[in-house]
Amino acid sequence: MSLDPLLLSRLQFFWVIAWHILMPAFTVGLASYIALLETLHFTTNRAVYLRLSNFWTRLFAVCFGMGVVSGVIMPFQFGTNWSRFSDATANVLSPLLAYEGLTAFFLEAAFLGVLLFGRTLVPRWAHLIAACMVAIGTLFSTFWIIATNSWMQTPAGYEIIDGRFFPKDWLAIIFTPSFPYRLAHTVTAFYVTTGFVVVGVGAYYLWRKRFVEDARVMVSMTLWLLTVLVPLQIVLGDMQGLNTREYQPAKLAAIEARWDTASRVPLTLFALPNETTETNDFAIELPDLGSLILTHDLNGTVQGLKDFPRDQRPPVAIPFFAFRVMVGIGMLMLLLIAVSWWLRLRRRLFDTRWFLLGCTAATPLGFLAVLAGWITTEVGRQPWTVYGVMRTAESVSPSLTGRDVLISLLGYAIVYLIMFPAGGALLARIVKRGPTTEQHAPVEGGRAREAVTATPQVTEKPPLGAGGHS
Amino acid sequence: MIDFVPLWTIILGLAVFFYVLLDGFDLGVGILYGFADRREARNLIMNSIAPVWDGNETWLVLGGLGLLAAFPLAFAIIMPAVYFPILVMLLALVFRGVSFEFRFRDAEHRTFWDHGFCYGSAVATFAQGIVLGAFIQGFQTDGRHFTGSSFDCFTPFSLLTGVALVFGYGLLGAGWLVVKTEGTLQAWARNKGRWCLIGVVIAIGTVSLWTPVLEARIAHRWFDWPNILFLSPVPVITIGLGLWEWRSLNNKSEVAPFIGAILLFLMSYIGIAISLWPMIVPYQFTLWEASSSPSTQAFLAVGTLFLLPVILMYSAWSYWVFRGKVRADIGYH
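Keep in mind that what you see is a predicted model, and the values were worked out from it rather than measured.

About the criteria used
Residues numbered from 1 in each chain as written. Chains lettered and ligands numbered in written order. Predicted model: local features only at pLDDT ≥ 70, side-chain atom pairs only at ≥ 80, totals over all residues. Heavy atoms only, no water. Helix = DSSP H or I, 4+ residues; strand = E, 2+ residues; numbered from the N terminus. Rg over C-alpha atoms; globule rule 2.2 N^0.38 Å. Buried < 20%, exposed > 50% of the residue type's maximum accessible area, 1.4 Å probe, protein only. Lys, Arg positive; Asp, Glu negative; His and termini not counted. Charge placed at Lys NZ, Arg CZ, Asp CG, Glu CD. Areas by Shrake-Rupley, 256 points an atom, 1.4 Å probe, with all protein chains shown as cover. Axes fitted to C-alpha atoms, helices over the stretch in contact; angles between N-to-C directions. Parallel < 35°, antiparallel > 145°, perpendicular 65-115°, else oblique. Contact = heavy atoms within 4.5 Å. Pairing = 2+ DSSP bridges. Buried area = accessible area lost by both parts, 1.4 Å probe. Salt bridge = Lys/Arg side-chain N within 4 Å of Asp/Glu carboxyl O. Polar contact = N/O pair within 3.5 Å; in protein donor to acceptor, adjacent residues only side chain to side chain. Nonpolar A, V, L, I, M, F, W, Y, C, P; charged D, E, K, R; others polar. pLDDT = per-residue confidence, 0-100. Phe/Tyr/Trp six-rings, centres within 6.5 Å; stacked < 30°, edge-to-face > 60°. Lys NZ or Arg CZ within 6 Å of the ring centre and 35° of its normal. Core = buried A, V, L, I, M, F, W, Y, C linked by side-chain atoms within 4.5 Å. Expected span 1.5 Å × (residues − 1). Disulfide = S-S within 2.5 Å.

Engineer: Explain the overall build of chain A to me, using residue names and the numbers behind them.
Structural biologist: Of the regular secondary structure elements, chain A holds 13 helices and 10 strands. The C-alpha atoms of chain A give a radius of gyration of 24 Å, which matches the 23 Å a tight globule of 470 residues would have. Overall size of chain A, expressed as C-alpha extent along the three principal axes, is 75 × 50 × 45 Å. Residues counted as buried form 59% of the 470 residues belonging to chain A. Here chain A carries 36 positive and 30 negative side-chain charges, and the mean point of each set is 12 Å from the other.

In structure tokens:
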């Protein structure tokens, strides 16, 4: 078997971005959460918010560090492995990426140092501002990278001269047809992901009966937030689906494994899409619901894959299953929120052990949904890097041999398989230690080697009854 | 239409120079870290860069993206040509970057992360030096593509520039540590700085003699009359700086070794720029031939001219917050 530099480069890009996306999926939401906790501490002076902020900042630092180092790798991928894509699209895409660096990365990096190490060095308001700046930086970053991705999905505002893209209208380039929906859907996904981590960790403490006061604040506050965000996310996802139907019909057909164009199409719950026979095996379908969901009309028409030449169709099975994983997780999340309200209204939210265990088990759900959604949209874009205009096969660096890329892919595989599990173990350790105010520095010679951070002495409100803070 | 190429040459030149200085000193600190044997010294050394390292590394991203944005043809040719040095650099930076958090929180594997930090720093530096050497040597192209092999970049010359950069970053790192530490640790940094300076002087000399031999155009640039007259201050100043650096490493001055190292880098940088001007893909494409469309450069220039000063301001502020000698109680413990 000969090694194909194209396939290996695609695998490599998948590998490095799949790990990388897990970090912003968590840190974007967490940065906002920390900014919120810092604001609450600033305004109420309650010590619990300071403890929580310090605790989550420790986790944030580890994830952010891994996000930075895995993120530095990304722009270089464009050059090393996708040089023809870079050469062709740079006039249009490079300012978006450069603006990400200019508006976001420096902001995050400069203020993160102050957030992590500066609490005793700067006034309280300055520390609060640092926390907010880090949060804003992560959102700026999301804005630009989603703008870049959206342009690749639904390109606009350009002209092609000699096979290269040239800008015509910058506003059209940034605000492409799929951009607003993709941005809203992604940011909400990141917030929901963080939300389920916070709830999961809080529920774990309640289940183990540790740090009960802090855990209640985490669980209650965040379940409120998720009550808004999860249904909102389902609406946003639906809107992005409508947008995909309009601008990327082949992708939608692959997601639904729909081969023939038809109206009143069924909703396919499960099937094994068969690309050779152009049919679905073992399909389980609900009549008419497909049209209703995809077009908001029982008689709506959905385009099938047979409308597109074979060499312009994306792979079917991967988007089909990835999409179902994402939606399935969304439904599971909704169920969890519904149960939380049923328990909250009965004042049993904090001591129903099976529910706490369920919440802890739900901790990674957001990450899985983000990955599944990302796989859906990126594989669904194939065989194009710039949808409908530039093929993935025409984007790869011409000088690379299969052996070159195999070596680099192995390098990334080995390093990531050391780093990310080590990072995960570290996060688990920090969670085990919990939101404690005790200093973790070893006491050598009977004397703490560390300055003790004085927490403002304020009387805590006594916890409410068994019902908690709902 | 205004010609934005000179502006972008300056911006990119500054971004790359900032990167070399900033990540240079913290990679250098990482290299020297491997020579420190006491736990307390290592903690102090690491804490001297803990609050600033990821801001420094951000300039690498800006340098890469700036090249893509301003001179995309150069990006598309150079990156595949230095495929393996870039790979090795990125992987080394991964180890080095995560070891800040991991070393401190994962005490059982502290030795592993210690090694990750110092070898990661050294290997990343060496790889950057190879990229520099390959860049000076030029690339085999056809039309708008690199057509050589991914292994072309490994030559005796590029290995030399690799080693040179290790000494150079080591010198910057030593200068930084002299600023940030005191007592025995500072004396230790001065000692390491002297060793690095010897290496730097030998390296600059060798590269300066080798480059004109390598490429006749560079020899003409420097040695043709009247260029030799205008350009002779460059080597003269560099030699003077080397002597001054040696003196300040040996006397009591605390800031001078760092300043001297920066100026030595500046002179080397200017020297390379003089040799290669106006090429961005050496001997193939000029800055103007490789530049992106005027609309692209204009659109990005508007924001950059506003954002870059703001970035410099708040980056300076974050350095200001952590000013003074590194303290045991700020940073990782």
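Next, the rest of the story.
Engineer: Please provide a residue-by-residue account of the overall build of chain B, values included.
Structural biologist: A tally of helices and strands in chain B yields 14 helices and four strands. Here the C-alpha atoms of chain B give a radius of gyration of 20 Å, agreeing with the 20 Å that 2.2 N^0.38 yields for 333 residues. Overall, chain B is about 55 × 40 × 40 Å in size when its C-alpha atoms are taken along their principal axes. Here chain B holds 333 residues, and the buried ones make up 60% of them. Of the roughly 13100 Å² that chain B leaves accessible, carbon and sulfur atoms contribute 73%. Of the charged side chains in chain B, 19 are positive and 20 negative, and the gap between their average positions amounts to 10 Å.

Engineer: Tell me about the packing of helix α1 (residues 5–33) of chain B against helix α7 (residues 156–180) of chain B, and please be specific about residues and values.
Structural biologist: Residue and element names in this part refer to chain B. As a packed pair, α1 and α7 sit with axes 6 Å apart at the nearest point and diverge in direction by 85 degrees. Considering the angle they form, α1 stands roughly perpendicular to α7. Residues Y19, V20, L21, G24, F25, L27, G28, V29, I31 and L32 of α1 lie in contact with α7, whose contacting residues are V166, Y169, G170, L172, G173, A174, W176 and L177.

Engineer: Break down the pairing of strand β2 (residues 164–167) of chain A for me, with residues and values.
Structural biologist: Residues in a regular strand project their side chains so that they alternate between the two faces of the sheet. All names here are of chain A. By the alternation rule, side chains of β2 split into R164 and F166 and F165 and P167, which are all buried. In the sheet, strand β1 (residues 158–161) pairs with β2 via four bridges, with the strands oriented antiparallel. Paired with E159 across the strands is F166, a residue of β2. Connecting β1 to the next strand, β2, in antiparallel fashion are two residues, including D162 with a positive phi near 50 degrees.

Engineer: Would you mind going over the interface of chain A and chain B in detail, with residue names and values included?
Structural biologist: On the chain B side, the residues contacting the 75 residues of chain A number 74 residues. Of the roughly 6600 Å² buried between chain A and chain B on both sides combined, carbon and sulfur atoms contribute 76%. The largest share of the area that chain A buries against chain B comes from F76, F106 and F117 of chain A, three residues that together contribute 12% of it. Our count for the chain A to chain B interface comes out at one salt bridge. A salt bridge links R144 of chain B to D87 of chain A; its shortest N-O distance comes to 2.8 Å. Across the chain A-chain B interface, the total number found is 11 residue pairs in polar contact (both at pLDDT 80 or more). Of all the secondary-structure elements, those providing two or more residues to the side of chain A that touches chain B are α2 (47–80), α3 (83–117), β2, α5 (170–174) and α13 (402–433) of chain A. Per-element tally for the side of chain A that touches chain B: the top contributor is α3 of chain A, with 24 residues. Among the residues forming the side of chain A that touches chain B, the class breakdown is 47 nonpolar, 18 polar and 10 charged.

Engineer: Explain the environment of S315 of chain B to me, using residue names and the numbers behind them.
Structural biologist: Note on placement: S315 of chain B falls in helix α14 (residues 294–321). Placed 180 residues apart in sequence, S315 of chain B and F135 of chain B show a C-alpha to C-alpha distance of 30 Å.

Engineer: Please provide a residue-by-residue account of the pattern of salt bridges, values included.
Structural biologist: Residues and elements named next belong to chain A. For the structure shown, the criterion picks out 16 salt bridges over all chains. Between E278 and R310 there is a salt bridge, with the nearest N and O atoms lying 3.2 Å from each other. With a gap of 32 residues between them, E278 in the loop between β4 (267–274) and β5 (279–286) and R310 in the loop between β6 (301–302) and α10 (317–345) connect regions that are remote in the sequence. In this structure E278 comes out as buried when scored by relative accessible area, which is 13%.

Engineer: Summarise the confidence of the model for chain A; cite the residues concerned and give the values.
Structural biologist: With 93% of its residues at a pLDDT of 70 or more, chain A has an overall mean of 86. The low-confidence segment residues 439–470 of chain A, where pLDDT is below 50, has 47 contacts with residues more than four positions distant or belonging to other chains.

Engineer: Quick rundown of the packing of aromatic side chains? Include the residues and the values.
Structural biologist: This structure, assessed with the given rule, holds 50 aromatic pairs over all chains. A ring pair is formed by F143 of chain A and F179 of chain A, whose centres lie 5.2 Å apart and whose planes are at 90 degrees; its orientation type is edge-to-face. Remark: F179 of chain A occurs in helix α6 (residues 179–208) and F143 of chain A occurs in helix α4 (residues 124–153); sequence separation between them is 36 residues. Geometrically, the ring pair formed by Y83 of chain B and F84 of chain B is edge-to-face, given 5.3 Å between the ring centres and 90 degrees between the ring planes. Taken individually, Y83 of chain B and F84 of chain B each receive the classification buried, so the pair is uniform in this respect. One aromatic cluster in this structure is built from Y99, F143, W144, W170, F175 and F179 of chain A together with F299 of chain B. Seen from the ring of Y33 of chain B, R42 of chain B lies directly overhead, with NZ or CZ sitting 5.0 Å from the centre. Stacked on the ring of W320 of chain B, the Lys or Arg R323 of chain B has its end atom at 4.0 Å from the ring centre.

Engineer: Please give an account of the nonpolar core that cites residues and values.
Structural biologist: Among the nonpolar cores identified, the biggest contains 240 residues, and W56 of chain A together with F71 and F139 of chain B are the most heavily contacted of them. The element contributing the most residues to this core is helix α1 (residues 5–44) of chain A, with 19 residues. Sequence-distant contacts of W56 of chain A, that is, excluding residues within four places in its chain, are made with F26, L30, Y33, I34, L37, V197, V198, V201 and M218 of chain A. By size, the runner-up hydrophobic cluster in this structure holds eight residues, among which are A254, A257, L305 and F320 of chain A.

Engineer: Tell me what's going on with helix α12 (residues 256–276) of chain B, and back it up with residues and numbers.
Structural biologist: In this model α12 of chain B runs 30 Å from its N-terminal to its C-terminal C-alpha over 21 residues, within 8% of the 30 Å that 1.5 Å per residue would give. The complete set of buried residues in α12 of chain B reads A256, P257, F258, G260, A261, L264, F265, M267, G271, I274, S275 and L276 of chain B.

Engineer: I'd love a proper account of α6 of chain A, names of residues and values included.
Structural biologist: Residue and element names in this part refer to chain A. For α6, which comprises 30 residues, the first-to-last C-alpha distance of 43 Å matches the rise-based estimate of 44 Å (1.5 Å per residue) to within 8%. In terms of burial, α6 is largely enclosed, as 24 of its 30 residues are buried. Immediately beyond the C-terminal end of α6, within one or two residues, lies K209, with a positive phi of roughly 55 degrees.

Engineer: Describe the state of the cysteines, and please don't skip the residues or the numbers.
Structural biologist: Residues and elements named next belong to chain B. In total, this model carries zero disulfides over all chains according to the counting rule given. For C196, which is in no disulfide, the shortest distance to another cysteine sulfur is to C118 and amounts to 14 Å. Note on C196: relative accessible area 8%, which makes it buried.

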